[in-house]
Amino acid sequence: MDVKIREAEDADRDLFWKATLDTAWGDIPDDEKVHISRMEFDQYFKRAAQPYLEDGQNKLFIAADEKGHILGYTLLGKSVPFYSPKPYGFVFDIFVTDDARRKGVARNLLEFAFGWFKTQGLEKVKLEVAESNERAKALYLKMGFRSERYVMGRRLR
Ligand SMILES: CC(C)(COP(=O)(O)OP(=O)(O)OC[C@H]1O[C@@H](n2cnc3c(N)ncnc32)[C@H](O)[C@@H]1OP(=O)(O)O)[C@@H](O)C(=O)NCCC(=O)NCCS
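All figures in this text were calculated on a predicted structure; none of them were measured in a lab.

Colleague: How would you summarise the overall build of the protein chain if you had to cite specific residues and measurements?
Modeller: For the protein chain, the count of helices and strands is five helices and five strands. Starting at the N terminus and ending at the C terminus, the protein chain contains elements arranged as β-α-α-α-β-β-β-α-β-α. Relative to a compact globule of 157 residues, whose C-alpha radius of gyration would be 15 Å, the protein chain shows 16 Å and is just as compact. Seen through its principal axes, the protein chain has C-alpha atoms that stretch 50 × 35 × 30 Å. Taking all 157 residues of the protein chain together, 15% fall into the buried category. Considering only contacts in the protein chain between residues 6 or more positions apart, those separated by 24 or more positions represent 59%.

Colleague: So what's going on with the sheet that holds strand 5 (residues 125–127)? Residues and values would help.
Modeller: Strand pairing in a sheet is mediated by backbone hydrogen bonds. Such pairs are either parallel or antiparallel. Ordered in space as 1-2-3-4-5, the five strands form an open sheet in which the pairing is mixed. Only two strands of the sheet have a single partner each, and these edge strands are strand 1 (4–7) and strand 5. Adjacent strand axes in the sheet meet at a mean angle of 30 degrees when their direction is disregarded. Pairing of strand 1 with strand 2 (residues 59–64), which is carried by four bridges, proceeds in the antiparallel orientation.

Colleague: Which residues make up the site of the ligand, and what are the values?
Modeller: Near the ligand there are 19 residues, and of these Arg101, Ala106, Arg135, Ala138 and Leu139 occur at the shortest range. Mapped onto the shell around the ligand, the elements with two or more residues apiece are strand 4 (88–96), helix 4 (105–119) and helix 5 (134–142). Take the shell around the ligand: its biggest share by element is five residues, from helix 5. Residues that form the shell around the ligand fall into these classes: nine nonpolar, three polar and seven charged.

Colleague: If you had to explain the nonpolar core to someone new, which residues and values would you point to?
Modeller: With 20 residues, the main nonpolar core has Ala63, Val91, Val105, Ala106, Leu109 and Ala113 as its most contacted residues. Those elements that provide at least two residues to this core are strand 2, strand 3 (70–79), strand 4 and helix 4. Discounting residues that sit within four places of it in the chain, Ala113 has contacts with Thr74, Leu76, Val91 and Val125.

Colleague: Can you break down the packing of helix 1 (residues 13–27) against helix 3 (residues 38–54) residue by residue, with the values?
Modeller: At a minimum axis distance of 10 Å, the contact between helix 1 and helix 3 shows a crossing angle of 115 degrees. For the pair helix 1 and helix 3, the crossing hand works out as right-handed. Of the residues in helix 3, those touching helix 1 at Trp17, Leu21, Ala24 and Trp25 are Arg38, Phe41, Asp42, Phe45 and Lys46.

Colleague: Can you lay out the environment of Gly77 for me, pointing to particular residues and giving the numbers?
Modeller: Turning to its location among the elements, Gly77 is positioned in strand 3. The sequence separation of Gly77 and Asp93 amounts to 16 residues, and the corresponding C-alpha distance is 10.0 Å.

Colleague: Just give me the short version of helix 3, but keep the residues and values in it.
Modeller: Taking 1.5 Å per residue as the helical rise, helix 3 with its 17 residues ought to reach 24 Å, and the 24 Å between its terminal C-alpha atoms agrees with that figure. Burial analysis of helix 3 places just zero of its 17 residues in the buried class, a small minority of the element.

Parameters and conventions
- Residues numbered from 1 in each chain as written.
- Predicted model: local features only at pLDDT ≥ 70, side-chain atom pairs only at ≥ 80, totals over all residues.
- Helix = DSSP H or I, 4+ residues; strand = E, 2+ residues; numbered from the N terminus.
- Rg over C-alpha atoms; globule rule 2.2 N^0.38 Å.
- Buried ≥ 20, exposed ≤ 12 C-beta atoms within 10 Å, placed from the backbone.
- Contact = placed C-beta atoms within 7 Å.
- Pairing = 2+ DSSP bridges.
- Axes fitted to C-alpha atoms, helices over the stretch in contact; angles between N-to-C directions.
- Near = placed C-beta within 6 Å.
- Nonpolar A, V, L, I, M, F, W, Y, C, P; charged D, E, K, R; others polar.
- Core = buried A, V, L, I, M, F, W, Y, C linked by C-beta atoms within 7 Å.
- Left-handed = near helix turned anticlockwise from the far one by under 90°.
- Expected span 1.5 Å × (residues − 1).

So this is what it looks like as structure tokens:
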């Protein structure tokens, strides 16, 4: 598939929010979901995530086909670890529309991301993925990512 990647425009924001909220909601562990409704979650998440989208350092890129139909997006940025002043690239989110899946769109977006990070002088890229998100984990493994840290949790009663 011929995939073109461009910077997002304001008109792309609705798709971004809808898809990001769906993915983020799906990633919440079941035992934490019982305390929050979908509507409350959407409002809370949007308020918390909005600064990342508005931050001039982070960039939302759109993948489209040759006719301009949107196939997906990725939100890219930078992060600095506590143990070193050296920043790394961070893939905040990646999404591909249902009809365009398993056609290499996410691979294209990630390859684009690797190139974009290099132009920013970065030498490493990281991301986070929910333990339950098997297709995303398969994508990242295929693209050369390896697990470096686990987030662990348990109920207190
Ligand atoms: C995860 C996601 C981005 C993958 O997008 P995609 O365009 O379908 O992925 P690609 O076609 O580029 O796949 C590249 C490789 O990733 C792996 N992969 C992707 N989807 C997979 C799936 N459903 N099952 C198993 N492996 C998968 C495969 O190795 C694939 O290569 P192959 O098709 O040659 O076997 C897409 O399923 C999606 O948008 N999911 C919902 C949002 C989401 O979960 N985002 C991740 C947030 S951390």
